[in-house]
Amino acid sequence: KQEVTQIPAALSVPEGENLVLNCSFTDSAIYNLQWFRQDPGKGLTSLLLIQSSQREQTSGRLNASLDKSSGRSTLYIAASQPGDSATYLCAVAGGGSNYKLTFGKGTLLTVNP
Amino acid sequence: DTGVSQNPRHKITKRGQNVTFRCDPISEHNRLYWYRQTLGQGPEFLTYFQNEAQLEKSRLLSDRFSAERPKGSFSTLEIQRTEQGDSAMYLCASSLAGTSGNTIYFGEGSWLTVV
């Protein structure tokens, strides 16, 4: 059974810092990995998707990497802003399907002005 | 593209009552999913439709839960004889099969509180 772990559970940084969020998964047979953002009481916003054949994806100040063999992904946020404060969730699609996501518990990020 | 729409956004119900949630996916998306999320946890997969066919159901989906997608467009999730343990946010998501990577888009969720 796939298990996804996110470290740290919570992170507080001053505005302007670069930061890294970590995600690990136990079964490397995945189709893809997706990073989401969730604001309090809201749904999920897709940030980046990395297919299993890819090593990284970039969107603006966000960069996600994938090392499938070691079961790890990182989300790098450059020049953090208070508006980046949210919970960041990592999810992998695998177990024979490219549609069923297994999520971690998320990292709660607070960026202080 | 108006995104995935869910309603109601919030529902408070007494234990034992039935509740129904509706999801309208992104218009061209043929795949639709339901997830459940409790406080401090990541979402958990409940069920998946491709067009109108329900192709997978999680063991989390007890016989009190039923989901439909009658014409391959909107979907409903009904919970019968609600229990306090059903209190959670129910998330609907959609995607387009065959697109690169199958990016899944989520709605804002429907909060259920059972009292």
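Going by the structure above, here's the rest.
Residues numbered from 1 in each chain as written. Chains lettered and ligands numbered in written order. Predicted model: local features only at pLDDT ≥ 70, side-chain atom pairs only at ≥ 80, totals over all residues. Heavy atoms only, no water.

## Let's talk about the overall build of chain B
Item 1. The helix and strand tally for chain B stands at 0 helices and 11 strands.
Item 2. Since a compact globule built from 115 residues should have a radius of gyration of about 13 Å, the 14 Å found for chain B is in line with a globular shape.
Item 3. Referenced to the eigenvectors of the C-alpha coordinate spread, the extents of chain B come out at roughly 40 × 25 × 20 Å.
Item 4. Taken over 115 residues, chain B has a buried fraction of 48%.
Item 5. Across chain B, contacts joining residues at least 24 apart in sequence account for 53% of those joining residues at least 6 apart. (Helix = DSSP H or I, 4+ residues; strand = E, 2+ residues; numbered from the N terminus. Rg over C-alpha atoms; globule rule 2.2 N^0.38 Å. Buried < 20%, exposed > 50% of the residue type's maximum accessible area, 1.4 Å probe, protein only. Contact = heavy atoms within 4.5 Å.)

## Quick look at the nonpolar core
Item 1. Counting 22 residues, the largest nonpolar core has A:Phe25, A:Leu33, A:Trp35, A:Leu75, A:Ile77, A:Tyr88 and A:Leu109 as the members making the most contacts within it.
Item 2. Broken down by secondary-structure element, the contributors of at least two residues to this core are strand 3 (19-25), strand 4 (30-38), strand 5 (44-51), strand 7 (62-67), strand 8 (72-77), strand 9 (86-94) and strand 11 (107-112) of chain A. (Core = buried A, V, L, I, M, F, W, Y, C linked by side-chain atoms within 4.5 Å.)

## Things to note about the sheet that holds strand 8 (residues 75-79) of chain B
Residue and element names in this part refer to chain B.
Item 1. With antiparallel pairing, 4 strands are arranged side by side in an open sheet as 1-3-8-7. Edge positions in the open sheet fall to strand 1 (5-7) and strand 7 (65-68), since each of these has one partner strand only. Mean inter-strand twist for the sheet, computed between neighbouring axes without regard to direction, equals 15°.
Item 2. In the sheet, strand 1 pairs with strand 3 (residues 19-24) via 3 bridges, with the strands oriented antiparallel. Residue pairing across strands places Gln 6 opposite Cys 23, the latter belonging to strand 3. (Pairing = 2+ DSSP bridges. Axes fitted to C-alpha atoms, helices over the stretch in contact; angles between N-to-C directions.)

## Focus on the pattern of salt bridges
Item 1. Throughout the structure, instances matching the rule amount to 6 salt bridges over all chains.
Item 2. One salt bridge in this structure joins A:Arg37 and A:Asp39, with 3.0 Å as the shortest N-O distance.
Item 3. A salt bridge links B:Arg64 to B:Asp86, with the nearest nitrogen and oxygen atoms 2.8 Å apart. Of this pair, B:Arg64 sits in the loop between strand 6 (53-57) and strand 7 while B:Asp86 sits in the loop between strand 8 and strand 9 (88-95), and the two are 22 residues apart along the sequence. Side by side, B:Arg64 and B:Asp86 carry an identical accessibility label, which is buried. (Salt bridge = Lys/Arg side-chain N within 4 Å of Asp/Glu carboxyl O.)

## A word on the side chain of A:Asp84
Residues and elements named next belong to chain A.
Item 1. Counting through the fold element by element, Asp 84 comes out in the loop between strand 8 and strand 9.
Item 2. The buried category is assigned to Asp 84, whose relative accessible area is 8%.
Item 3. Look past the residues within four positions of Asp 84 in its chain and what remains in contact with it is Arg 37, Arg 61, Ile 77, Leu 109 and Val 111.

## With respect to the state of the cysteines
Residue and element names in this part refer to chain A.
Item 1. Per the stated rule, a full pass over the model turns up 2 disulfides over all chains.
Item 2. Residue pairing for Cys 23: its cysteine sulfur links by disulfide to Cys 90, the two sulfurs lying 2.0 Å apart. What sets the handedness of the Cys 23 and Cys 90 disulfide is the S-S torsion sign, and at about -60° it is left-handed. One end of the pair, Cys 23, is in strand 3; the other, Cys 90, is in strand 9, and 67 residues separate them in sequence. Of the two residues examined, Cys 23 and Cys 90, each falls in the buried class. (Disulfide = S-S within 2.5 Å.)

Purely geometric numbers; function is a separate question.
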